[in-house]
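# Descriptive analysis of the structure
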Amino acid sequence: MAKVVKFGGSSLADANQFRKVADIIRSDKERRYVVPSAPGKRFKDDTKVTDMLYKCYDDVCAGANAVAAFLPIADRYNGIISDLGLTISLDREFEEITDNFTKRAGRDYAASRGEYLNGIILANYLGFNFVDAAKGIFFKADGEFDAELTDATLASILEGYDCAVIPGFYGANPDGTIRTFSRGGSDFTGSVVAKAIGAELYENWTDVPGFAVADPRIVDDPEFIDLITYRELRELSYMGATVLHQDAIFPVRNARIPINIKNTNDPSAKGTMIVHDAPEGKNRHIITGIAGKKNFSAVAIEKDEMNSEIGFLRRILTLMDVEKINFEHIPTGIDTMTLIVDTDDLKKHPNFAERVKEVANPNHIEIEDGLALIAVVGRGMKATKGTATRIFAALSHANINIKMIDQGSSELNIIIGIREEDFDEAIRVIYNMFMLQE
Ligand code: ASP
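Notes on the structure follow. (Residues numbered from 1 in each chain as written. Predicted model: local features only at pLDDT ≥ 70, side-chain atom pairs only at ≥ 80, totals over all residues. Heavy atoms only, no water.)

The space that makes up the second largest pocket amounts to roughly 530 Å³. Every residue lining the second largest pocket is counted, 21 residues in all, and those nearest its centre are Thr229, Ala278, Asn283, Arg379 and Gly380. Its residues assigned to classes, the lining of the second largest pocket shows 6 nonpolar, 8 polar and 7 charged. (1 Å grid on protein atoms, 1.4 Å probe; cavity = no way out; pocket = protein on both sides within 12 Å on 5 of 7 lines; lining within 4 Å. Points joined across faces, edges and corners; volume = space filled by probe spheres on them. Nonpolar A, V, L, I, M, F, W, Y, C, P; charged D, E, K, R; others polar.)

Structure below.
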């Protein structure tokens, strides 16, 4: 059996963190495949190596000398190497990288070197094999991740190694050039590796205890989630949770491999377990998490006898399709429908209301900006009565007006729309209602 362990940038920011990581890996012999990020921040105002690399490459493209511009980055790696007492030298790699910068190898190539170099150091420190992600992680010509080719190639490469370090964040295009995933993409690499080897568990080690029930910037000292299903997490991550890259769940979710979010600075804590199906039995709380997002607009459309006009909704949705505007929700009434859309998205289509008039001839159309959506998510809702009542009671006591309500038939979440200025308070009162009074 094997576990895949991914360590984020702050877990590998300096030699001291490397030592913690090595202790964690050595304490469980199933932790055999390791995916590192580039060194992150060592202190609050520090710069992540990935950001240093982007800047360095941009400076080189603007005329700076590559070797000189790369020096602070080389220093960070050399510092880690000497503090760990290792004897390797990365000078040859530094030379190749600065040469490639001078030849304009691309921003993705530049950024990927953060993980690449850190992977070499970590493999050396652990005594593991180093497997360059460019040999096993692939993109298609249109830039899309090539899941099939990656899965087959990685599986056959890793079969040959008992233990390996595979750097996160990048892979290769069909022409062999380097492409990165979006920022935070090492989480995705970890998931892809876990899928390829059929891991029993994907551990994602970071610098927080797991997923908080609500954003700690809004709720003081929130509880952390012990167990969450993939479906619940989708409802929450979609609304802006930041602990795990939002694409990272897909490869392992389909393979039914659980993810355990763990804290490198407190390895014995349980962290948050993300599973396909939650075990039967009563949960500690009815709700699992609360998350939300600001910056939505409501487009309210009114038309007499809308309910009996066949094709009305289709005309509006076809227009959204043609204009390429994504909608979040569409609550409807007898003669009304409301499109809840991202305000920035809508702003790109200043004549949207006119277009609605052309295609659907409504009696009235009105746009309201400044809305926020809050998702209250929990698998426990299905078996419990009164969840909505409690949410509404909490908001009404806090004198917060509810602009929209949406509950899907899955009964996994209740989504409410409120004014942006009520956002923080709404999250706090809902948290208090469910977490402090149960
Ligand atoms: N180092 C990359 C970033 O800063 C990728 C990662 O850490 O996952 O976004």
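Now, onward.
Looking now at the packing of helix α6 (residues 147-159) against helix α7 (residues 186-197). Contact geometry for α6 and α7: axes closest at 8 Å, N-to-C directions at 70°. One way to sum up the angle between α6 and α7 is to call them roughly perpendicular. The crossing of α6 and α7 is right-handed. Contacts between α6 and α7 involve Thr150, Asp151, Leu154, Ala155 and Leu158 from the former and Val192, Val193, Lys195, Ala196 and Ile197 from the latter. For the contact of α6 with α7, the per-class residue count stands at 7 nonpolar, 1 polar and 2 charged. (Axes fitted to C-alpha atoms, helices over the stretch in contact; angles between N-to-C directions. Helix = DSSP H or I, 4+ residues; strand = E, 2+ residues; numbered from the N terminus. Parallel < 35°, antiparallel > 145°, perpendicular 65-115°, else oblique. Left-handed = near helix turned anticlockwise from the far one by under 90°. Contact = heavy atoms within 4.5 Å.)

Strands sit in the order β3-β4-β2-β1-β7-β9-β10-β8 across an open sheet of 8 strands; the sheet is mixed. Where the open sheet ends on each side, the last strands, each with one partner, are β3 (129-130) and β8 (227-229). Contacting β1 (3-7), β2 (31-36) and β7 (201-206), helix α1 (residues 15-26) runs over the sheet at an angle of about 170° to β1. (Pairing = 2+ DSSP bridges.)

Turning to the pairing of strand β13 (residues 336-342), a few remarks are in order. The buried fraction of β13 is high, at 6 of 7 residues. For strand β12 (residues 327-329) and β13, the ladder comprises 2 bridges, and the chain directions are antiparallel. For Phe327, the partnering residue across the bridge sits in β13 and is Val341. (Buried < 20%, exposed > 50% of the residue type's maximum accessible area, 1.4 Å probe, protein only.)

We now examine a negative patch on the surface. Judged by side-chain charge, Asp91, Glu95, Glu96 and Asp99 come together as a negatively charged surface patch. Mapped onto the fold, Glu95 is located in helix α4 (residues 91-102). Given a relative accessible area of 54%, Glu95 falls into the exposed group. (Patch = residues over 30% accessible without salt bridge, like charges linked within 9 Å, V, L, I, M, F, W, Y side chains within 5 Å. Areas by Shrake-Rupley, 256 points an atom, 1.4 Å probe, with all protein chains shown as cover. Salt bridge = Lys/Arg side-chain N within 4 Å of Asp/Glu carboxyl O. Lys, Arg positive; Asp, Glu negative; His and termini not counted. Charge placed at Lys NZ, Arg CZ, Asp CG, Glu CD.)

Moving on to the nonpolar core. In this structure, Phe70, Phe101 and Ile374 are the most contacted members of the largest nonpolar core, which totals 120 residues. The dominant element in this core, judged by the number of residues it contributes, is helix α5 (residues 107-126), at 10 residues. Once you skip the residues sitting within four places of it in the chain, Phe70 turns out to touch Leu53, Cys56, Phe94, Ile97, Thr98, Phe101 and Leu117. Of all hydrophobic cores here, the second largest spans 17 residues; its members include Met306, Met320, Ile325 and Val341. (Core = buried A, V, L, I, M, F, W, Y, C linked by side-chain atoms within 4.5 Å.)

Further remarks concern the site of the ligand. Lining the immediate surroundings of the ligand are Ser37, Lys48, Thr50, Glu115, Phe169, Arg183, Gly184, Gly185 and Ser186. Backbone polar atom of Gly184 to an oxygen atom of the ligand: 2.8 Å apart, as the coordinates give it. In isolation the ligand has 260 Å² of accessible area, and contact with the protein removes 95% of it. Tallied by class, the residues present in the shell around the ligand amount to 1 nonpolar, 5 polar and 3 charged. (Near = heavy atom within 4 Å. Polar contact = N/O pair within 3.5 Å; in protein donor to acceptor, adjacent residues only side chain to side chain.)

A few words on the packing of helix α2 (residues 49-61) against helix α3 (residues 66-83). One can describe the packing of α2 onto α3 by two numbers: an axis separation of 9 Å at closest approach and a directional angle of 170°. With respect to their mutual orientation, α2 and α3 come out roughly antiparallel. Every residue of α3 that contacts α2 at Val49, Met52, Leu53, Cys56 and Val60 is listed here: Ala66, Ala69, Phe70, Pro72, Ile73, Arg76 and Tyr77. When grouped by side-chain class, the residues that make up the contact of α2 with α3 number 11 nonpolar, no polar and 1 charged.

So, about the pattern of salt bridges. It is possible for side chains bearing opposite charge to pair when their charged atoms get close. Following the criterion strictly, the structure yields 26 salt bridges and no others. A salt bridge links Glu354 to Lys357; the shortest N-O distance between them is 3.5 Å. One end of the pair is Glu354 and the other is Lys357, both in helix α12 (residues 352-360) and 3 residues apart, which spans about a single turn. Judged by its relative accessible area of 43%, Glu354 is partly exposed. Among the residues examined, Lys357 registers a relative accessible area of 41% and is labelled partly exposed. The shortest N-O distance in the salt bridge between Lys403 and Glu368 comes to 3.2 Å.

Below, the discussion takes up α5. Taking 1.5 Å per residue as the helical rise, α5 with its 20 residues ought to reach 28 Å, and the 30 Å between its terminal C-alpha atoms agrees with that figure. At Arg113, α5 shows its maximal bend, which comes to roughly 30°. α5 sits mainly inside the fold: 17 of its 20 residues count as buried. Where α5 ends, the next residue or the one after it, Gly127, has phi of about 75°, a positive value. (Expected span 1.5 Å × (residues − 1). Bend = angle between axes of the 7 residues up to and from the residue.)

Moving on, we come to the sheet that holds strand β15 (residues 404-407). The strand order β12-β13-β11-β14-β16-β15 describes an open sheet built from 6 strands, whose pairing is antiparallel. The open sheet has two edge strands, β12 and β15, and neither has a second partner. On average, each strand axis in the sheet is tilted by 35° relative to the strand beside it, whichever way the strands run. Against the sheet, helix α13 (residues 387-397) touches β14 (364-377), β15 and β16 (413-419), its axis set at about 20° to β16.

Purely spatial values, then, with no claim about function.
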